[in-house]
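The lines below spell out each chain.
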Amino acid sequence: MAFTHHIIQNAYVVDDLDQGIRRWHALWGIGPFFVRRHLELASIRYRGAAASLDFSVAYVQAGPIMVELIEQHDDAPSAFRDMFARGQEGLHHVAVIPDDYQRVVDHYAKLGYPVATELRTTSGRGAAFIDTRPMLGHMMEVYIPSAGLDALYRQVADAAASWDRRELVIEVDPAR
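Residues numbered from 1 in each chain as written. Predicted model: local features only at pLDDT ≥ 70, side-chain atom pairs only at ≥ 80, totals over all residues. Heavy atoms only, no water.

Focus: the packing of aromatic side chains
Centre distance and the angle of the planes are the two values used to describe a pair of aromatic rings. Within this structure, the stated rule accounts for five aromatic pairs. Ring centres 5.3 Å apart and planes at 70° place the aromatic pair F80 and F129 in the edge-to-face group. Of this pair, F80 sits in helix α2 (residues 79-83) while F129 is found in strand β9 (residues 126-130), placing the two residues 49 residues apart along the sequence. Assigned by exposure class, F80 and F129 land together as buried. Here a set of aromatic residues connected by ring pairs shows up, and it is made of F55, F80 and F129. (Phe/Tyr/Trp six-rings, centres within 6.5 Å; stacked < 30°, edge-to-face > 60°. Helix = DSSP H or I, 4+ residues; strand = E, 2+ residues; numbered from the N terminus. Buried < 20%, exposed > 50% of the residue type's maximum accessible area, 1.4 Å probe, protein only.)

Printed below as a string of structure tokens:
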């Protein structure tokens, strides 16, 4: 199969989202962080079975790459808990937006890398977290391409390019 992945995001699990934002800002000087607390999910599956998950995220642009910070609030089985127990932190995944979502998911499955968690938000965006740890040491997030996802990435990049440093955190409706 011939296709090229363009990594557009590095994502890190953090124990406390607000502390993570402050640490990342202090270390790198990046901002603003777009925060979605307790994402509203239309559906979620963990290793093929219906599941539940309570988590919040922050997005920030760091040069050509978006950085995502993720805090899982519960201990439900998930791609996040597969790698990090409560209180642990680290690089969780890199993300790609392929032209053909299902083709990429199927490709990884044929190579022996299953979907750990697949989710859809109430706004219609979705992704699969592929368990590529044996190959890469971390998961891979494969987004379902959408205009809403493209808009999010543009919004975060544009905000970073024109950031006046007055507002470090921008709270976003979790359903968006």
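Notes on the pattern of salt bridges
Pairs may arise between side chains of opposite charge once their charged atoms sit close together. Inspection of the entire model under this criterion finds ten salt bridges. Note that E89 and R23 form a salt bridge whose closest N and O atoms lie 2.9 Å from each other. Of the two residues, E89 is situated in the loop between α2 and β7 (90-96) and R23 in helix α1 (residues 17-28); the sequence distance between them amounts to 66 residues. For E89, a relative accessible area of 36% gives the class partly exposed. With a relative accessible area of 39%, R23 lands in the partly exposed category. Across the salt bridge formed by R47 and D131, the nearest N and O atoms sit 2.8 Å from each other. Separated by 84 residues along the polypeptide, R47 in the loop between β3 (41-46) and β4 (49-50) and D131 in the loop between β9 and α4 (133-136) bring together distant segments of the chain. The class of R47 is partly exposed, set by a relative accessible area of 34%. By sharing partners, the salt bridges in this structure join R47, D82, D131 and R133 into a single network. (Salt bridge = Lys/Arg side-chain N within 4 Å of Asp/Glu carboxyl O.)

Comments concerning the sheet that holds strand β5 (residues 55-62)
Pairing between sheet strands relies on hydrogen bonds along the backbone, with the strands arranged either parallel or antiparallel. The strand order β4-β3-β8-β9-β10-β7-β1-β6-β5-β2-β11 describes an open sheet built from eleven strands, whose pairing is mixed. Only two strands of the sheet have a single partner each, and these edge strands are β4 and β11 (169-172). As paired elements, β7 and strand β10 (residues 139-143) share four bridges and run parallel to each other. Residue pairing in the sheet places H93 in a bridge with M139 of β10. On top of the sheet, helix α5 (residues 147-161) reaches β1 (9-13), β2 (33-36), β5, β6 (65-72) and β10; it is set at about 55° to β5, its chief contact. (Pairing = 2+ DSSP bridges. Contact = heavy atoms within 4.5 Å. Axes fitted to C-alpha atoms, helices over the stretch in contact; angles between N-to-C directions.)

Here we look at the nonpolar core
Core analysis: the largest hydrophobic core is formed by 28 residues, its most contacted members being F55, Y59 and F80. At the level of elements, β1, β5, β6, α2, β8 (115-121), β9, β10 and α5 are the ones that each hand at least two residues to this core. Here this core gets five residues from one element, more than from any other, and that element is α5. Those residues in contact with F55, other than ones at most four positions away along the chain, are R37, H38, L39, L41, I70, E71, Q72, H73, F80 and L119. (Core = buried A, V, L, I, M, F, W, Y, C linked by side-chain atoms within 4.5 Å.)

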